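Geometric and topological summary
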Amino acid sequence: MSMSRCVGNNISAKPAFSGRQATTSAFASPVESGLRVRRSTFVPVDARINAKARTIAPSKRNAAGRLNCQADDSPSVTTTDPAELYSELAFACQELRLAPPSVKYDLSADVKKAFEDLKSNDVLAKWGKEMESLRRRNIFMGDLRMMGIKDPAKIAIPTVRNDLAFIVTVVGVTSVLAVAAGQLPGDWGFWGSYLIGGISLGVLAVGSTAPGLLSFFIDKFSRVFPDYRERLLRHEAAHFLMGYLMGVPITGYSLDIGKEHTDFAEAKLQRRLIAGALEDSEIDVLAVVAMAGVAAEAVVFEEVVGQTADLFDLQRIMNRSKVKLSDSQQQNVTRWAVFQAAQYLKRYSDEYEALMESMKEGKSVADCVKAIEAVA
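This is a predicted model, so every value here is computed, not measured.

Positive phi is not limited to glycine here, since Asp122 has a value of about 60°. The residue Asp122 is located in the loop between helix 2 (104–120) and helix 3 (141–146) in this model. What makes Asp122 exposed here is its relative accessible area of 71%.

Most of strand 4 (residues 250–254) is tucked away: 5 of the 5 residues are buried. With 4 bridges joining them, strand 4 and strand 5 (residues 261–265) adopt antiparallel strand pairing. Bridge pairing links Gly252 to Asp263 in strand 5.

Before going further, it helps to spend a moment on the environment of Tyr348. Within the element layout of this structure, Tyr348 appears in the loop between helix 10 (327–347) and helix 11 (349–360). The exposure class assigned to Tyr348 is buried, which follows from its relative accessible area of 6%. Sequence-wise, Tyr348 and Ile372 are 24 residues apart; in three dimensions their C-alpha atoms are separated by 9.2 Å. When residues no more than four places from it in sequence are discounted, the contact partners of Tyr348 are Lys129, Glu130, Leu241 and Leu245. Side-chain polar atoms of Tyr348 contact the side chain of Glu130, separated by 2.4 Å.

Another aspect to go through is the nonpolar core. Ranked by size, the top nonpolar core spans 72 residues in total, and within it Leu89, Phe115, Leu124, Phe240, Met359 and Val369 carry the most contacts. Every residue in contact with Met359, bar those within four places of it in the chain, is listed here: Leu233, Glu236, Ala237, Phe240, Tyr253, Leu255 and Cys368. Counting residues in hydrophobic clusters, the runner-up holds 5 residues, among them Ile283, Leu286, Ala290 and Ile317.

Before going further, it helps to examine the packing of helix 8 (residues 280–298) against helix 9 (residues 308–318). Interaxial distance between helix 8 and helix 9 falls to 9 Å at its minimum, and their mutual angle equals 170°. By the angle class used here, helix 8 and helix 9 are roughly antiparallel. Contact residues: helix 8 offers Ile283, Leu286, Ala287, Ala290, Met291, Gly293 and Val294, while helix 9 offers Asp310, Leu311, Leu314, Ile317 and Met318. When grouped by side-chain class, the residues that make up the contact of helix 8 with helix 9 number 10 nonpolar, 1 polar and 1 charged.

Turning our attention to the confidence of the model for the chain. Taken over all residues, the pLDDT of the chain has a mean of 76, while the share at 70 or more is 70%. Taken together, the stretch residues 1–77 has pLDDT below 50 and engages in 262 contacts with residues farther than four places along the chain or on a different chain. A low-confidence stretch, residues 267–271 (pLDDT under 50), is modelled with 20 contacts involving residues beyond four sequence positions or located in other chains.

It is worth spelling out the packing of helix 7 (residues 228–245) against helix 12 (residues 365–374) at this point. In the contact formed by helix 7 and helix 12, the axes pass within 12 Å of each other and the chain directions differ by 70°. As the angle between them shows, helix 7 and helix 12 are arranged roughly perpendicular. On helix 12, the residues that touch Phe240, Leu241 and Tyr244 of helix 7 are Val365, Cys368, Val369, Ile372 and Glu373. The class makeup of the residues in the contact of helix 7 with helix 12 is 7 nonpolar, no polar and 1 charged.

For the structure shown, the criterion picks out 3 aromatic pairs. By way of ring pairs, the aromatic residues Phe115, Trp127 and Tyr244 are connected into one cluster. Above the plane of the ring of Phe301 lies Arg231, whose end atom (NZ or CZ) is 4.0 Å from the centre. Sitting above the plane of the Tyr86 ring, Lys370 keeps its charged end 5.0 Å from the centroid.

Among the structural elements, Lys126 can be located in the loop between helix 2 and helix 3. Among the polar contacts made by the side chain of Lys126, one reaches the side chain of Glu351 at a distance of 2.8 Å.

Inspection of the secondary structure puts Val299 in the loop between helix 8 and helix 9. By relative accessible area, Val299 is classed as partly exposed at 31%. Expressed as a C-alpha distance, the spacing of Val299 and Asp151, which sit 148 residues apart in the sequence, is 8.5 Å. Those residues in contact with Val299 that lie beyond four places of it in its chain are Gly148, Ile149, Lys150 and Ala342.

If you walk through the whole model with that rule in mind, you get 11 salt bridges. In this structure, the salt-bridge partner of Glu130 is Arg347, at a minimum N-O distance of 3.4 Å. Here Arg347 lies in helix 10 and Glu130 lies in the loop between helix 2 and helix 3, a separation of 217 residues in the sequence. Among the residues examined, Arg347 registers a relative accessible area of 46% and is labelled partly exposed. Here Asp151 and Lys154 are joined by a salt bridge, their closest N and O atoms 4.0 Å apart.

The rules behind these values
Residues numbered from 1 in each chain as written. Predicted model: local features only at pLDDT ≥ 70, side-chain atom pairs only at ≥ 80, totals over all residues. Heavy atoms only, no water. Helix = DSSP H or I, 4+ residues; strand = E, 2+ residues; numbered from the N terminus. Buried < 20%, exposed > 50% of the residue type's maximum accessible area, 1.4 Å probe, protein only. Pairing = 2+ DSSP bridges. Contact = heavy atoms within 4.5 Å. Polar contact = N/O pair within 3.5 Å; in protein donor to acceptor, adjacent residues only side chain to side chain. Core = buried A, V, L, I, M, F, W, Y, C linked by side-chain atoms within 4.5 Å. Axes fitted to C-alpha atoms, helices over the stretch in contact; angles between N-to-C directions. Parallel < 35°, antiparallel > 145°, perpendicular 65-115°, else oblique. Nonpolar A, V, L, I, M, F, W, Y, C, P; charged D, E, K, R; others polar. pLDDT = per-residue confidence, 0-100. Phe/Tyr/Trp six-rings, centres within 6.5 Å; stacked < 30°, edge-to-face > 60°. Lys NZ or Arg CZ within 6 Å of the ring centre and 35° of its normal. Salt bridge = Lys/Arg side-chain N within 4 Å of Asp/Glu carboxyl O.

Structure follows, in structure tokens:
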């Protein structure tokens, strides 16, 4: 599950529930290089659209909802009707989703503007509501436990649940098949048992030398766990809600197994996330959004499965800090971000439940926003 996959910056994405887990954590030493970003996508908006070429007005949309991109000098239509404003948001997200990577920079500005229009017309009371309330402080394991984290010691510790289950299953199944094949007559039984038994040795050899090659199969295998879909939903909904409360424009999401992610526009920073240093206030916002999925899992389950990509995201963000963070400071930022996210999830529990229900039904970003705002 994923915080951010920088589509516009050509950083490769990694599914949140990867079978392979991180070998380095934000609780331990920092990762200086080789960071990969996960399912939640930050789409930069520092490049702006040529307004003359892309003036968006309701008259420019045909019955199918498609955009006529011909040049137009007429002013865009401004509306204060909530229904139309939500339609603008839905259209902007849809346009961005279908657009080629080369224009996502520009189109993400429409999503940001749609959120700002809704906010300025007092339609969105909760978007960015908690952004100014963040105050970083020292957090200890006891604080996390008091906030409802079931096992704080397992935060940022790689889990081997999926890996172990996959290996045990492969070895067990191939062993049974090898014994059965040995009962075949003649050379069939001799060679069959050896070839089938060799599958286990091959898997173990690959897992020891190049474990990344097995990640695809482990990802597929992890779906057999009954809690997989619940973890996925809670994880992505937490990213969505936390980004919303922090005033980060949400551009899309997916709960499709193997493609789960939550996408954000990088409009919060007004510049590319990979360029330049980040202020402490920016680090705080992005850290809470990054660790929201971890917090969501940790308050329900003993073990956090979908944290690998989130930790890579957080490490990447901390590496951009204007003031270099020591190992102990990075550990505290990680704990604080989990603590803060868990606190907000508890405070906005009704909104969280409503959002999960909407995402479960596959509703649009605009409808999910409506669900959040509808909670009194």
